[in-house]
Amino acid sequence: MKKIFIIAAAAVFALAACNKDNGTDSSNEVQVLDATFTLSGEIGDLTYGEPVAVTGTLTSASPVDAVSFTGVKDDGTAAGEEQKYEASGTEINGQFFPDSKDMTQLQVTLYSGNAQASFNFPVGKVTGEAKGDVYINNAAQFTADTVVFTHENRPDLFPEEFTGNGSDTKSFFSQHGVKIDGKVEHILSLNQMRSVDGLNGSFCFLNVLYNTSNYGVIGSQRGFDFSFMKASGLGGGTTGRQCDLYQVDGHQIKDENVDLTFGMAIVRGSWYENYDAEFYTAIDKIFVNIGEAGTNYEKLKAFWQLGEIQRVYDNATLGEENEPTNLGTQTYMRHYLNAGTSKEGDAKENFRAGDYIIIKSQRGTDENPEYYYGIMQIRQIPDVTSVMTETGDFDPELTESLYGKSIYLDIKTQCEILD
(Lines give C-alpha, C1' and ligand atoms only; values in the text may rest on other atoms or scores of the structure.)
Protein backbone atom coordinates (compact mmCIF):
# COMPACT_ATOMS: atom_id res chain seq x y z
CA MET A 1 0.00 0.00 0.00
CA LYS A 2 2.87 2.39 0.66
CA LYS A 3 3.85 2.24 -3.01
CA ILE A 4 0.38 3.37 -4.04
CA PHE A 5 0.59 6.30 -1.62
CA ILE A 6 4.00 7.39 -2.89
CA ILE A 7 3.00 7.17 -6.56
CA ALA A 8 -0.22 9.14 -5.99
CA ALA A 9 1.58 11.77 -3.99
CA ALA A 10 4.30 12.17 -6.59
CA ALA A 11 1.77 12.52 -9.41
CA VAL A 12 -0.07 15.35 -7.70
CA PHE A 13 3.17 17.08 -6.74
CA ALA A 14 4.38 16.94 -10.34
CA LEU A 15 1.09 18.38 -11.56
CA ALA A 16 1.44 21.25 -9.12
CA ALA A 17 4.97 21.89 -10.37
CA CYS A 18 3.78 22.11 -13.99
CA ASN A 19 1.25 24.76 -12.98
CA LYS A 20 3.93 27.11 -11.74
CA ASP A 21 3.80 30.37 -13.70
CA ASN A 22 7.09 30.27 -15.68
CA GLY A 23 9.19 30.64 -12.57
CA THR A 24 7.86 34.09 -11.66
CA ASP A 25 7.62 34.87 -7.96
CA SER A 26 4.64 37.18 -7.48
CA SER A 27 3.37 37.23 -3.91
CA ASN A 28 -0.18 36.70 -5.20
CA GLU A 29 0.63 33.53 -7.14
CA VAL A 30 0.30 30.02 -5.78
CA GLN A 31 3.79 28.54 -5.45
CA VAL A 32 4.85 24.92 -5.23
CA LEU A 33 5.76 23.88 -1.71
CA ASP A 34 8.79 21.62 -1.43
CA ALA A 35 7.26 19.07 0.93
CA THR A 36 6.41 15.41 1.42
CA PHE A 37 3.59 13.81 3.40
CA THR A 38 3.34 10.23 4.64
CA LEU A 39 -0.07 8.96 5.73
CA SER A 40 -0.17 6.74 8.80
CA GLY A 41 -1.94 3.55 7.77
CA GLU A 42 -4.70 2.99 5.26
CA ILE A 43 -8.11 4.63 4.93
CA GLY A 44 -10.76 1.99 4.37
CA ASP A 45 -14.50 2.29 3.87
CA LEU A 46 -16.10 5.50 5.11
CA THR A 47 -19.51 6.42 6.45
CA TYR A 48 -21.06 9.54 4.97
CA GLY A 49 -20.98 12.42 7.44
CA GLU A 50 -19.06 10.53 10.14
CA PRO A 51 -15.48 11.72 10.70
CA VAL A 52 -12.38 9.62 10.25
CA ALA A 53 -9.00 10.40 11.79
CA VAL A 54 -6.31 11.48 9.36
CA THR A 55 -2.79 11.30 10.77
CA GLY A 56 0.58 11.53 9.14
CA THR A 57 4.06 13.02 9.08
CA LEU A 58 5.36 15.79 6.86
CA THR A 59 8.66 17.30 5.87
CA SER A 60 8.77 20.76 4.36
CA ALA A 61 11.32 23.33 3.26
CA SER A 62 9.24 26.00 5.04
CA PRO A 63 6.87 25.83 8.03
CA VAL A 64 3.40 24.45 7.23
CA ASP A 65 0.68 26.66 8.74
CA ALA A 66 -2.42 24.92 7.40
CA VAL A 67 -3.63 21.60 6.06
CA SER A 68 -6.76 20.64 4.20
CA PHE A 69 -8.58 17.43 3.34
CA THR A 70 -10.70 17.09 0.22
CA GLY A 71 -12.52 14.14 -1.27
CA VAL A 72 -11.55 13.78 -4.94
CA LYS A 73 -12.34 11.49 -7.85
CA ASP A 74 -9.88 9.32 -9.76
CA ASP A 75 -9.19 12.14 -12.21
CA GLY A 76 -8.22 14.47 -9.35
CA THR A 77 -11.29 16.70 -9.55
CA ALA A 78 -12.98 17.62 -6.29
CA ALA A 79 -15.93 15.50 -5.21
CA GLY A 80 -16.49 17.36 -1.96
CA GLU A 81 -15.52 20.56 -0.17
CA GLU A 82 -12.05 21.49 1.03
CA GLN A 83 -11.87 21.07 4.80
CA LYS A 84 -9.12 23.34 6.06
CA TYR A 85 -7.44 23.46 9.49
CA GLU A 86 -4.53 25.25 11.11
CA ALA A 87 -1.35 23.20 11.45
CA SER A 88 2.08 23.39 13.04
CA GLY A 89 5.05 21.10 13.43
CA THR A 90 5.62 17.92 11.46
CA GLU A 91 2.67 15.83 12.69
CA ILE A 92 -0.83 16.08 11.21
CA ASN A 93 -3.74 14.90 13.36
CA GLY A 94 -7.10 15.89 11.93
CA GLN A 95 -10.61 14.80 11.12
CA PHE A 96 -12.08 14.36 7.68
CA PHE A 97 -15.85 14.35 7.22
CA PRO A 98 -16.76 12.29 4.14
CA ASP A 99 -19.09 14.64 2.28
CA SER A 100 -19.35 12.90 -1.10
CA LYS A 101 -20.16 9.39 -2.21
CA ASP A 102 -18.30 9.97 -5.46
CA MET A 103 -14.88 10.34 -3.88
CA THR A 104 -12.30 7.61 -4.44
CA GLN A 105 -9.29 9.37 -2.96
CA LEU A 106 -8.47 11.72 -0.12
CA GLN A 107 -6.39 14.73 -1.09
CA VAL A 108 -4.19 16.18 1.64
CA THR A 109 -2.91 19.68 0.89
CA LEU A 110 -0.18 21.38 2.88
CA TYR A 111 0.01 25.18 2.96
CA SER A 112 2.89 27.50 3.79
CA GLY A 113 1.95 31.07 3.02
CA ASN A 114 1.02 31.11 -0.66
CA ALA A 115 2.90 27.88 -1.39
CA GLN A 116 1.19 24.49 -1.34
CA ALA A 117 1.60 20.82 -2.18
CA SER A 118 -1.10 18.15 -2.51
CA PHE A 119 -0.96 14.38 -2.01
CA ASN A 120 -3.68 11.87 -2.90
CA PHE A 121 -4.43 8.60 -1.11
CA PRO A 122 -6.99 5.94 -2.05
CA VAL A 123 -10.01 5.33 0.18
CA GLY A 124 -12.70 2.67 0.33
CA LYS A 125 -16.37 3.16 -0.47
CA VAL A 126 -18.44 5.93 1.09
CA THR A 127 -21.81 4.62 2.23
CA GLY A 128 -24.76 5.88 4.25
CA GLU A 129 -26.94 8.99 4.24
CA ALA A 130 -27.01 12.26 6.14
CA LYS A 131 -28.70 11.66 9.49
CA GLY A 132 -30.25 15.09 9.67
CA ASP A 133 -29.93 18.80 9.10
CA VAL A 134 -28.93 21.70 11.34
CA TYR A 135 -30.45 25.07 12.14
CA ILE A 136 -28.24 27.92 13.37
CA ASN A 137 -29.48 31.38 14.34
CA ASN A 138 -27.25 33.58 16.51
CA ALA A 139 -29.87 36.33 16.85
CA ALA A 140 -33.13 34.47 17.43
CA GLN A 141 -35.81 36.77 18.86
CA PHE A 142 -38.92 35.58 20.70
CA THR A 143 -41.55 38.00 21.96
CA ALA A 144 -44.11 37.40 24.72
CA ASP A 145 -47.46 37.84 23.02
CA THR A 146 -50.40 39.77 24.43
CA VAL A 147 -53.82 38.16 24.83
CA VAL A 148 -55.34 37.14 21.48
CA PHE A 149 -59.10 37.73 21.29
CA THR A 150 -61.42 35.15 19.71
CA HIS A 151 -65.02 33.96 19.96
CA GLU A 152 -64.01 31.94 23.05
CA ASN A 153 -62.68 34.70 25.30
CA ARG A 154 -64.40 37.73 23.73
CA PRO A 155 -67.76 36.65 22.29
CA ASP A 156 -68.86 40.29 22.45
CA LEU A 157 -66.25 41.10 19.78
CA PHE A 158 -66.55 37.82 17.85
CA PRO A 159 -70.07 36.43 18.29
CA GLU A 160 -69.64 33.92 15.47
CA GLU A 161 -68.15 30.58 16.53
CA PHE A 162 -64.59 29.76 15.40
CA THR A 163 -63.69 33.33 14.47
CA GLY A 164 -61.25 35.77 16.03
CA ASN A 165 -57.94 37.54 15.81
CA GLY A 166 -54.61 36.09 14.88
CA SER A 167 -51.14 37.31 15.78
CA ASP A 168 -47.94 37.95 13.86
CA THR A 169 -45.84 38.08 17.05
CA LYS A 170 -42.97 35.59 16.79
CA SER A 171 -43.30 33.60 20.00
CA PHE A 172 -43.19 29.96 18.85
CA PHE A 173 -40.26 27.67 18.08
CA SER A 174 -40.04 24.50 16.02
CA GLN A 175 -36.83 22.51 16.45
CA HIS A 176 -37.43 20.52 13.27
CA GLY A 177 -38.92 23.37 11.30
CA VAL A 178 -42.18 23.92 9.45
CA LYS A 179 -42.69 24.71 5.79
CA ILE A 180 -44.57 28.00 5.41
CA ASP A 181 -45.17 29.10 1.83
CA GLY A 182 -42.47 26.69 0.68
CA LYS A 183 -39.82 27.96 3.11
CA VAL A 184 -38.67 26.16 6.25
CA GLU A 185 -39.31 28.31 9.33
CA HIS A 186 -38.19 27.66 12.91
CA ILE A 187 -39.42 30.86 14.60
CA LEU A 188 -43.12 31.33 14.06
CA SER A 189 -46.15 33.44 14.96
CA LEU A 190 -49.53 32.19 16.12
CA ASN A 191 -50.89 32.81 12.61
CA GLN A 192 -48.20 30.55 11.14
CA MET A 193 -48.50 27.92 13.86
CA ARG A 194 -52.27 27.78 13.48
CA SER A 195 -52.04 27.54 9.69
CA VAL A 196 -50.26 24.17 10.04
CA ASP A 197 -52.37 23.07 13.06
CA GLY A 198 -49.33 23.15 15.35
CA LEU A 199 -47.14 20.91 13.18
CA ASN A 200 -43.70 20.31 14.74
CA GLY A 201 -44.32 22.91 17.44
CA SER A 202 -41.68 22.74 20.20
CA PHE A 203 -42.15 25.64 22.64
CA CYS A 204 -43.84 28.99 23.11
CA PHE A 205 -42.10 31.91 24.81
CA LEU A 206 -44.67 33.72 26.94
CA ASN A 207 -45.42 35.93 29.92
CA VAL A 208 -47.40 34.15 32.62
CA LEU A 209 -50.04 36.41 34.14
CA TYR A 210 -53.59 35.72 32.99
CA ASN A 211 -55.74 32.72 32.32
CA THR A 212 -56.48 34.03 28.83
CA SER A 213 -59.94 32.49 28.70
CA ASN A 214 -61.40 34.34 31.71
CA TYR A 215 -58.68 36.91 32.59
CA GLY A 216 -58.21 35.48 36.04
CA VAL A 217 -54.78 36.37 37.42
CA ILE A 218 -52.56 33.31 37.88
CA GLY A 219 -51.46 33.21 41.49
CA SER A 220 -48.44 30.97 41.94
CA GLN A 221 -46.31 31.53 38.81
CA ARG A 222 -45.66 34.70 36.82
CA GLY A 223 -43.23 36.10 34.31
CA PHE A 224 -41.34 34.68 31.33
CA ASP A 225 -41.58 31.01 30.48
CA PHE A 226 -40.62 28.57 27.74
CA SER A 227 -43.62 26.28 27.60
CA PHE A 228 -44.20 22.91 25.98
CA MET A 229 -46.84 23.23 23.26
CA LYS A 230 -49.17 20.42 24.27
CA ALA A 231 -52.64 21.76 25.13
CA SER A 232 -52.15 20.91 28.79
CA GLY A 233 -48.92 22.93 28.65
CA LEU A 234 -50.07 26.09 26.92
CA GLY A 235 -53.48 25.95 28.54
CA GLY A 236 -52.31 24.80 31.97
CA GLY A 237 -53.28 26.55 35.15
CA THR A 238 -49.83 28.09 35.60
CA THR A 239 -49.27 28.98 31.93
CA GLY A 240 -52.45 30.64 30.74
CA ARG A 241 -52.18 30.69 26.94
CA GLN A 242 -55.64 29.24 26.30
CA CYS A 243 -56.11 31.94 23.64
CA ASP A 244 -53.45 30.26 21.46
CA LEU A 245 -55.35 26.97 21.45
CA TYR A 246 -58.74 28.09 20.14
CA GLN A 247 -59.90 27.01 16.71
CA VAL A 248 -60.19 29.91 14.29
CA ASP A 249 -61.14 29.67 10.62
CA GLY A 250 -60.79 25.91 10.65
CA HIS A 251 -57.29 25.76 12.12
CA GLN A 252 -56.07 24.97 15.63
CA ILE A 253 -52.87 23.91 17.42
CA LYS A 254 -53.43 20.20 18.09
CA ASP A 255 -51.61 17.75 20.33
CA GLU A 256 -51.44 15.20 17.51
CA ASN A 257 -49.22 17.57 15.53
CA VAL A 258 -46.88 19.17 18.07
CA ASP A 259 -43.59 17.57 19.10
CA LEU A 260 -44.70 15.63 22.17
CA THR A 261 -41.14 14.37 22.76
CA PHE A 262 -39.57 17.83 23.02
CA GLY A 263 -37.75 18.65 26.25
CA MET A 264 -35.33 21.19 27.74
CA ALA A 265 -32.46 21.02 30.24
CA ILE A 266 -30.88 24.11 31.79
CA VAL A 267 -27.09 24.49 32.10
CA ARG A 268 -26.47 27.42 34.44
CA GLY A 269 -23.38 29.58 34.69
CA SER A 270 -21.18 30.47 37.66
CA TRP A 271 -23.85 32.70 39.24
CA TYR A 272 -25.78 29.61 40.32
CA GLU A 273 -25.19 28.23 43.80
CA ASN A 274 -24.86 24.65 42.50
CA TYR A 275 -22.81 25.63 39.46
CA ASP A 276 -21.37 22.60 37.66
CA ALA A 277 -18.22 24.07 36.14
CA GLU A 278 -17.22 20.89 34.31
CA PHE A 279 -20.63 20.45 32.68
CA TYR A 280 -21.02 24.12 31.75
CA THR A 281 -17.50 24.28 30.29
CA ALA A 282 -18.09 21.17 28.20
CA ILE A 283 -21.38 22.44 26.76
CA ASP A 284 -19.81 25.84 26.15
CA LYS A 285 -16.96 24.19 24.24
CA ILE A 286 -19.33 22.22 22.01
CA PHE A 287 -21.36 25.35 21.33
CA VAL A 288 -18.45 27.70 20.62
CA ASN A 289 -16.69 25.24 18.30
CA ILE A 290 -19.69 25.05 15.98
CA GLY A 291 -19.31 27.55 13.19
CA GLU A 292 -21.61 28.42 10.33
CA ALA A 293 -23.64 25.78 8.52
CA GLY A 294 -24.12 27.19 5.05
CA THR A 295 -22.47 24.38 3.09
CA ASN A 296 -23.00 20.63 3.06
CA TYR A 297 -19.70 19.95 4.83
CA GLU A 298 -20.42 22.59 7.49
CA LYS A 299 -23.83 21.02 8.15
CA LEU A 300 -22.39 17.52 8.45
CA LYS A 301 -19.72 18.75 10.86
CA ALA A 302 -22.15 20.76 13.00
CA PHE A 303 -24.56 17.82 13.18
CA TRP A 304 -21.74 15.59 14.41
CA GLN A 305 -20.53 18.17 16.93
CA LEU A 306 -24.01 18.52 18.44
CA GLY A 307 -24.19 14.74 18.62
CA GLU A 308 -21.56 14.93 21.39
CA ILE A 309 -24.43 15.73 23.76
CA GLN A 310 -25.90 12.30 23.12
CA ARG A 311 -22.59 10.43 23.02
CA VAL A 312 -21.44 11.84 26.37
CA TYR A 313 -24.45 13.03 28.36
CA ASP A 314 -27.34 10.93 27.08
CA ASN A 315 -25.70 7.73 25.85
CA ALA A 316 -28.40 5.52 27.33
CA THR A 317 -30.24 6.39 24.11
CA LEU A 318 -27.39 4.69 22.21
CA GLY A 319 -27.80 1.48 24.19
CA GLU A 320 -24.91 2.09 26.59
CA GLU A 321 -25.16 -0.46 29.40
CA ASN A 322 -22.04 0.29 31.44
CA GLU A 323 -22.91 3.28 33.62
CA PRO A 324 -25.16 4.94 31.03
CA THR A 325 -25.76 8.69 31.15
CA ASN A 326 -29.25 10.18 31.04
CA LEU A 327 -30.04 13.77 30.20
CA GLY A 328 -33.12 14.74 32.15
CA THR A 329 -35.40 17.22 30.41
CA GLN A 330 -38.36 19.40 31.38
CA THR A 331 -41.38 20.64 29.46
CA TYR A 332 -41.32 24.08 31.12
CA MET A 333 -38.42 26.44 31.64
CA ARG A 334 -39.50 29.38 33.81
CA HIS A 335 -37.39 32.49 34.24
CA TYR A 336 -38.44 32.69 37.89
CA LEU A 337 -39.99 29.97 40.02
CA ASN A 338 -42.72 30.77 42.55
CA ALA A 339 -42.94 34.38 41.42
CA GLY A 340 -46.65 34.78 42.13
CA THR A 341 -48.31 36.17 45.26
CA SER A 342 -50.22 33.02 46.22
CA LYS A 343 -47.44 30.47 46.11
CA GLU A 344 -45.45 28.55 48.68
CA GLY A 345 -41.78 29.40 49.07
CA ASP A 346 -39.68 32.30 47.88
CA ALA A 347 -39.35 33.40 44.27
CA LYS A 348 -36.19 31.96 42.75
CA GLU A 349 -34.32 32.93 39.59
CA ASN A 350 -33.99 29.98 37.25
CA PHE A 351 -31.77 31.23 34.42
CA ARG A 352 -29.79 34.26 33.32
CA ALA A 353 -28.13 35.62 30.20
CA GLY A 354 -25.13 33.43 29.43
CA ASP A 355 -26.82 30.22 30.53
CA TYR A 356 -27.45 27.37 28.10
CA ILE A 357 -30.60 25.35 27.45
CA ILE A 358 -30.11 21.92 25.88
CA ILE A 359 -33.04 20.84 23.73
CA LYS A 360 -33.92 17.30 22.72
CA SER A 361 -36.46 15.63 20.46
CA GLN A 362 -37.19 12.01 19.57
CA ARG A 363 -38.37 10.97 16.12
CA GLY A 364 -38.62 7.65 14.35
CA THR A 365 -40.43 4.77 16.01
CA ASP A 366 -40.30 3.29 19.51
CA GLU A 367 -38.39 0.33 18.06
CA ASN A 368 -35.97 2.53 16.10
CA PRO A 369 -35.91 5.94 17.75
CA GLU A 370 -33.85 8.81 16.36
CA TYR A 371 -32.74 11.58 18.69
CA TYR A 372 -31.97 15.19 17.86
CA TYR A 373 -30.13 17.61 20.13
CA GLY A 374 -29.49 21.31 20.22
CA ILE A 375 -28.13 24.10 22.41
CA MET A 376 -29.61 27.53 22.96
CA GLN A 377 -27.64 30.23 24.73
CA ILE A 378 -29.59 33.02 26.38
CA ARG A 379 -28.01 36.21 25.08
CA GLN A 380 -30.35 38.88 26.39
CA ILE A 381 -33.45 38.93 28.57
CA PRO A 382 -35.40 41.94 29.84
CA ASP A 383 -34.74 43.17 33.37
CA VAL A 384 -37.72 42.12 35.48
CA THR A 385 -36.68 43.73 38.77
CA SER A 386 -39.12 46.59 38.14
CA VAL A 387 -42.10 44.21 38.44
CA MET A 388 -40.89 42.55 41.66
CA THR A 389 -42.17 43.42 45.11
CA GLU A 390 -39.96 43.77 48.18
CA THR A 391 -40.59 40.11 48.97
CA GLY A 392 -39.43 39.02 45.52
CA ASP A 393 -42.88 38.30 44.11
CA PHE A 394 -44.13 39.56 40.73
CA ASP A 395 -46.71 42.31 41.20
CA PRO A 396 -49.76 41.38 39.06
CA GLU A 397 -50.29 44.86 37.66
CA LEU A 398 -46.63 45.48 36.90
CA THR A 399 -46.19 42.05 35.30
CA GLU A 400 -48.50 43.31 32.55
CA SER A 401 -45.55 45.36 31.26
CA LEU A 402 -43.69 42.16 30.29
CA TYR A 403 -46.06 41.55 27.40
CA GLY A 404 -44.39 42.60 24.16
CA LYS A 405 -40.89 42.14 25.61
CA SER A 406 -38.35 39.93 23.81
CA ILE A 407 -35.70 37.42 24.69
CA TYR A 408 -32.71 36.85 22.38
CA LEU A 409 -31.13 33.44 21.92
CA ASP A 410 -28.23 31.95 20.01
CA ILE A 411 -29.53 28.62 18.70
CA LYS A 412 -27.60 25.70 17.23
CA THR A 413 -29.59 22.52 16.82
CA GLN A 414 -29.91 19.27 14.93
CA CYS A 415 -33.18 18.77 13.08
CA GLU A 416 -34.85 16.47 10.59
CA ILE A 417 -34.36 16.89 6.87
CA LEU A 418 -37.67 18.19 5.55
CA ASP A 419 -38.71 17.10 2.08
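Refer to the structure printed above.
The structure contained in this document is the topic of the report that follows. Keep in mind the model is a prediction, meaning the values are calculated, not measured.

**Quick look at the sheet that holds strand β2 (residues 35-39)**
- Judged by pairing direction, the sheet is antiparallel, and its three strands sit side by side in the order β2-β4-β7 without closing on themselves. With partners counted over all chains shown, the strands left at the sheet margins are β2 and β7 (91-96), one partner each. Averaged over all neighbouring strand pairs, the angle between strand axes comes to 30 degrees, with direction disregarded.
- Relative to β7, strand β4 (residues 52-60) runs antiparallel, the two being bridged by six bridges. Its bridge partner lying in β7, V52 is registered against F96.

**Considerations on a negative patch on the surface**
- Together, E152, E160, E161 and D249 give the surface a local cluster of negative charge.
- Position of D249 relative to the elements: it lies in the loop between α3 (231-234) and β18 (263-267).

**Looking at the pairing of strand β9 (residues 115-122)**
- Counting buried positions over the eight residues of β9 gives six, a clear majority of the element.
- Strand direction decides the pairing type here: strand β1 (residues 31-32) and β9, joined by two bridges, are parallel. Following the sheet pairing, Q31 is matched in β9 by A115.
- Bridge analysis of strand β8 (residues 105-112) against β9 gives eight bridges, and the strand direction is antiparallel. Paired with Q107 across the strands is N120, a residue of β9.

**Details of the sheet that holds strand β14 (residues 203-208)**
- Spatial strand order, β13-β12-β14-β17-β19: five strands in an open sheet with antiparallel pairing. Both edges of this open sheet fall to β13 (183-189) and β19 (332-334), since each of them pairs with a single strand only. For this sheet the average axis-to-axis angle between neighbouring strands, irrespective of direction, equals 15 degrees.
- Bridge count between strand β17 (residues 223-228) and β19: three bridges; the pairing is antiparallel. Residue pairing in the sheet places D225 in a bridge with R334 of β19.

**A few points about the packing of aromatic side chains**
- The full count for this structure, using the stated rule, is 21 aromatic pairs.
- With 5.4 Å between their ring centres and 55 degrees between their planes, Y336 and F394 make a pair best called tilted. Separated by 58 residues along the polypeptide, Y336 in strand β20 (residues 336-337) and F394 in the loop between β23 (369-380) and β24 (406-415) bring together distant segments of the chain. Like F394, Y336 is buried.
- Looking at K84, its charged tip hangs above the ring of Y111, at a distance of 3.8 Å from the centre.

Basis of the calculations
- Residues numbered from 1 in each chain as written.
- Predicted model: local features only at pLDDT ≥ 70, side-chain atom pairs only at ≥ 80, totals over all residues.
- Heavy atoms only, no water.
- Pairing = 2+ DSSP bridges.
- Helix = DSSP H or I, 4+ residues; strand = E, 2+ residues; numbered from the N terminus.
- Axes fitted to C-alpha atoms, helices over the stretch in contact; angles between N-to-C directions.
- Patch = residues over 30% accessible without salt bridge, like charges linked within 9 Å, V, L, I, M, F, W, Y side chains within 5 Å.
- Areas by Shrake-Rupley, 256 points an atom, 1.4 Å probe, with all protein chains shown as cover.
- Salt bridge = Lys/Arg side-chain N within 4 Å of Asp/Glu carboxyl O.
- Lys, Arg positive; Asp, Glu negative; His and termini not counted.
- Charge placed at Lys NZ, Arg CZ, Asp CG, Glu CD.
- Buried < 20%, exposed > 50% of the residue type's maximum accessible area, 1.4 Å probe, protein only.
- Phe/Tyr/Trp six-rings, centres within 6.5 Å; stacked < 30°, edge-to-face > 60°.
- Lys NZ or Arg CZ within 6 Å of the ring centre and 35° of its normal.

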